[in-house]
Structures are given as C-alpha cells and as structure tokens.
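Summary of the model geometry
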Amino acid sequence: MTTPLLDPGLYIVATPIGNLGDVSRRAIDVLSRCSVIACEDTRVTGGLLHHLGIKRTLRRYDDHASDAAREALLGEMTRGAVALVSDAGTPLISDPGYRLVREARARGIAVTTIPGASALIAALTLAGLPTDRFLFAGFLPNKDKARSDVLAELAAVPATLVFYDTGPRLVASLEAMGRVLPGREIAVARELTKLHEECRTGTAQELAAHYTAHPPKGEIVLLAGPPGAPETPDEADVDAELQAALADLPVSKAAAQVAKKHGLDRKALYARALELRGELKG
C-alpha cells in the first residue's frame, strides 16, 4: 500500500541535534510523506534518512542558496509538500530558511511547523541559569573587537544571554566575557544529547583556563547569567559623595552626577544636596 503524500505547502521539520532517538514520530511521518526535502547538506540529511529507512528527493538549501533556488522550492510548494530541515535541530535558529518561510507566507502557501530538538533550549535546561527571561544572540563575531562590542551592547539586558560557538573560538569568547561581563556565572554546554554530554559552569576565567588545557571540539552553546541587581549605596556614603561633588559643582550637576553613578532618583538627590549645602554654609 502506497503511503499518501502530504498536502502542498512548506513543512518546517526539527531533526535531532545528536541522539537520533530524539527524532519525533511526527517528523518521521512528514519526511516519509513529503515530495521534496530542502536541506543544508545532502550528505548529513541523507544519513538521517538512511537511518530512518526513508528515500526522498533532496534539494540543497543553505545560506548561499540563490534566488532561483528559492523560487524553485516555492514552485514545488504549490504542487506538493516541501520539508525544510537543517543539519541538526530546529530550522531557522542560526540556520537558513527565514527568507523561504517569509516568502511562502507572503504568497499564501501553507506553512506548518513540526517542533523538536533545539540546542539552545536543551542548554538552558541544563545550565541552572535563570530561564524566565533569556536572549538568544546567535554566534558571536569572530574578531576580538566585534565580539567585545556585541557583549558590551548586551551587557545591561536583564536576561540570561545565550550564544552558539565552536571549539576553536570558545576560549576567545570566554576571555571576552571575562572582560566585558565580569562576575557573571557562565555555562558551557557541549555534545548535547550525545554520549559525552557536558555542561560546565563557573566564571569566565575558570572556564577559559579549563578549555585552554582541554581544547573542546564540536558545536557549543555558551550562556551568561543575567546582571546582578545593583547594590543600593548606604545613605552616609551618598551624602559623602554629594558633599565631595558640591565642592566643585553646582547643586544640580552634583546631584545629577551622583544619581547617574548609582541609578538613584535625581530629584531626591537634588533636594538632599540643597540640605547638605545649607549645612555646609551653616
């Protein structure tokens, strides 16, 4: 009995990130009943299909795909089911596919998602860092200044920061975190769902030292805990800073300077500065 094909459209299919046992029954069903599978690397996806006992037409679709290749896939979607997969995990998460999905939706083509494994979600569940709010920022830049600039831009975000990284770049990324995100708890998750799965936590300096001595391989998820709440300064310390500032600055500027430094209310500090100036003059 021939298995019926799926209705025309685009099917976004998550694949395992390591352990092949994580492929869902629904993903297997879609891959076995689609007309075409669009993938990053036909060798990688071909290996997965061989493991699953599925034979389907594969079309390469990666970051370097041409407009013509995208048009060809969009045309296929009007006639049959096209499954979009990445080499591992959920498509579009630091993988190609965004433009294909956007154009399919714009043309009224049905788009269906078949959820499954995602390295960033798996790492969040392992790291023990706050998960109520997180920001995924893809891969950090390869060059030192650009990497530091991105970390500085995100330093004040009140959330766990999540990045993808690779073994050869990990130590440089950790060293940059040590400079730009001092005091943060850092986690390195690697070999996720595989035999030697690892999630190591500590300071950026500790982790940089460990991975300098034990160079890692493969793809990595790098996480940084959110910034700690700023400590509220003691009232006596604030008064001392205001008095020092008043020696050189007008009341308004002295209050603004101390308020900015500690994140305090400027109007309240202005009123207190007036009191202190009166006491100094008295």
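Now for the pattern of salt bridges. Taken as a whole and judged by the stated rule, the model has 15 salt bridges. When the shortest N-O distance is used, the salt bridge between Arg59 and Glu76 registers 3.0 Å. You can see Arg59 sitting in strand E3 (residues 57-60) and its partner Glu76 sitting in helix H3 (residues 67-79), a full 17 residues away along the chain. The network of salt bridges with common partners includes Arg59, Glu76 and Arg79.

Right, let's get into the sheet that holds strand E5 (residues 111-114). An order of E3-E2-E4-E1-E5 is seen for the 5 strands of this open sheet, with the pairing classed as parallel. With one partner strand each, in any of the chains shown, E3 and E5 form the two edges of the open sheet. Direction aside, the axes of adjacent strands within the sheet are offset by 25° on average. Both strand E2 (residues 36-39) and strand E4 (residues 81-84) contribute to a ladder of 3 bridges, which runs parallel. Along E4, the bridge assignment pairs Ala38 with Leu84.

The phi torsion at Leu92 lies on the positive side, around 80°, for a residue other than glycine. Structurally, the position occupied by Leu92 is in the loop between E4 and helix H4 (98-106). With a phi close to 55°, Glu191 is a non-glycine residue in the positive phi region. You can see Glu191 is positioned in the loop between strand E8 (186-190) and strand E9 (198-202). The exposure class of Glu191 is partly exposed, given its relative accessible area of 22%.

Reading guide: rules and limits
- Residues numbered from 1 in each chain as written.
- Predicted model: local features only at pLDDT ≥ 70, side-chain atom pairs only at ≥ 80, totals over all residues.
- Heavy atoms only, no water.
- Salt bridge = Lys/Arg side-chain N within 4 Å of Asp/Glu carboxyl O.
- Helix = DSSP H or I, 4+ residues; strand = E, 2+ residues; numbered from the N terminus.
- Pairing = 2+ DSSP bridges.
- Axes fitted to C-alpha atoms, helices over the stretch in contact; angles between N-to-C directions.
- Buried < 20%, exposed > 50% of the residue type's maximum accessible area, 1.4 Å probe, protein only.

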